[in-house]
Amino acid sequence: MDSLNREMLLRTVAGLGLHNGLEILELEIGNNGQLEQLMEMRPHIIYLDKDASHLEEPNDRTEKWVQLSDGFPAFNDRTYDRIVCINTIHFWKRPKDLMGQLYRVLKDGGLIAIGFVQGSILERLPADGYKPYDIPKLLRLFGVFPFKSIDIANHMIKIKGTDGTGISTDYTVLTLEK
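Residues numbered from 1 in each chain as written. Predicted model: local features only at pLDDT ≥ 70, side-chain atom pairs only at ≥ 80, totals over all residues. Heavy atoms only, no water.

Undergrad: Would you mind going over unusual backbone geometry with me for this structure?
TA: For R78, which is not glycine, the phi dihedral falls at a positive 50 degrees. In this structure, R78 sits in the loop between strand 3 (64-67) and strand 4 (80-86). Taking the relative accessible area as the measure of exposure, R78 reaches 49% and is therefore partly exposed. The phi dihedral of N87 is positive, around 55 degrees, even though this residue is not glycine. Mapped onto the elements, N87 comes out in the loop between strand 4 and helix 3 (95-105). N87 gets classed as buried once you look at its relative accessible area, which sits at 7%. (Helix = DSSP H or I, 4+ residues; strand = E, 2+ residues; numbered from the N terminus. Buried < 20%, exposed > 50% of the residue type's maximum accessible area, 1.4 Å probe, protein only.)

What follows is the structure in structure tokens.
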């Protein structure tokens with residue numbers, strides 16, 4: 001999954017125009033496999049993750065790590081210019097509540113980019129404990145929030161499947177503008 005996550009990170013942030021001075025919230029960095037690529041873009045980043053072990057090896061260029069527990073941190077409204085989520089939406093316990101919090105802390109005109117493997121494909125990959133999503137389901141979920149626009153981009157990458165053979169895997173990047 002790490003090669004998929006790296007590819008997905010690059011595609012997900014490609015259209016966000018990341019640069020110095022932006023306030024970025026990255027939700028659930030995971031095993032830090034894609035951290036270097038994100039850090040090379042040099043924005044000011046806050047990392048949230050529910051697994052404390054993912055936050056134990058911070059890169060010295062990382063400004064702040066916050067453990068995400070049962071509640072969302074008490075960030076001020078309209079704090080972040082960009083929010084990035086890579087392959088984590090499948091594991092959100094209360095997706096509508098979390099999206100409401102992300103919407104609240106996103107600045108007007110800000111962007112949320114969510115990279116994910118659609119549920120029908122995720123079933124063939126080495127992962128468990130997830131909730132499958134497809135585009136129509138996510139659009140219904142996010143439709144309760146007044147985003148100005150939603151962009152959908154589909155991509156493909158070849159990765160190793162559960163049986164060890166290479167499979168072509170499609171993934172999607174949703175970009176939502178507040």
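Read on for the rest.
Undergrad: I would appreciate a short explanation of the pattern of salt bridges in the present structure.
TA: Side chains carrying opposite charge are able to pair once their charged atoms draw close together. Throughout the structure, instances matching the rule amount to four salt bridges. Notably, a salt bridge pairs R104 with D77, separated by 2.6 Å at the nearest N-O pair. In this pair, R104 is assigned in helix 3 and D77 in the loop between strand 3 and strand 4, connecting sequence segments 27 residues apart. The class for R104 is partly exposed, based on a relative accessible area of 24%. (Salt bridge = Lys/Arg side-chain N within 4 Å of Asp/Glu carboxyl O.)

Undergrad: How should I be thinking about the environment of L138 in this particular structure?
TA: Within the secondary structure, L138 is located in helix 5 (residues 135-142). Along the chain, L138 and I89 lie 49 residues apart, while their C-alpha atoms are 9.7 Å from each other. Non-local contacts of L138, meaning those with residues more than four positions away in its chain, are made with I89, F116, Y133 and L174. (Contact = heavy atoms within 4.5 Å.)

Undergrad: Explain the nonpolar core here, please?
TA: Across soluble globular proteins, nonpolar side chains show a tendency to be buried alongside one another. Core analysis: the biggest nonpolar cluster contains 27 residues, and I83, W92, M99, L102, I112, I114 and F142 have the highest contact counts within it. At the level of secondary structure, the elements contributing two or more residues to this core comprise strand 1 (23-27), strand 4, helix 3, strand 5 (106-116), helix 5 and strand 7 (166-177). If one sorts the elements of this core by residue count, helix 3 sits on top with five residues. If we ignore the near neighbours within four places in the chain, the residues touching F142 are I89, M99, I114, F147, L174 and L176. Membership of the second largest hydrophobic core comes to 18 residues, among which are M8, V117, I121 and I157. (Core = buried A, V, L, I, M, F, W, Y, C linked by side-chain atoms within 4.5 Å.)

Undergrad: Hey, could you run me through the pairing of strand 4 in this one?
TA: Each regular strand shows side chains that alternate between the opposite faces of the sheet. Most of strand 4 sits out of view: seven of its seven residues are buried. Pairing between strand 1 and strand 4: four bridges, direction parallel. When the bridges of strand 4 are listed, E26 appears paired with V84. Here strand 4 runs beside strand 5; their pairing, made up of six bridges, is parallel. From the neighbouring strand, V84 faces strand 5, where its bridge partner is A113. (Pairing = 2+ DSSP bridges.)

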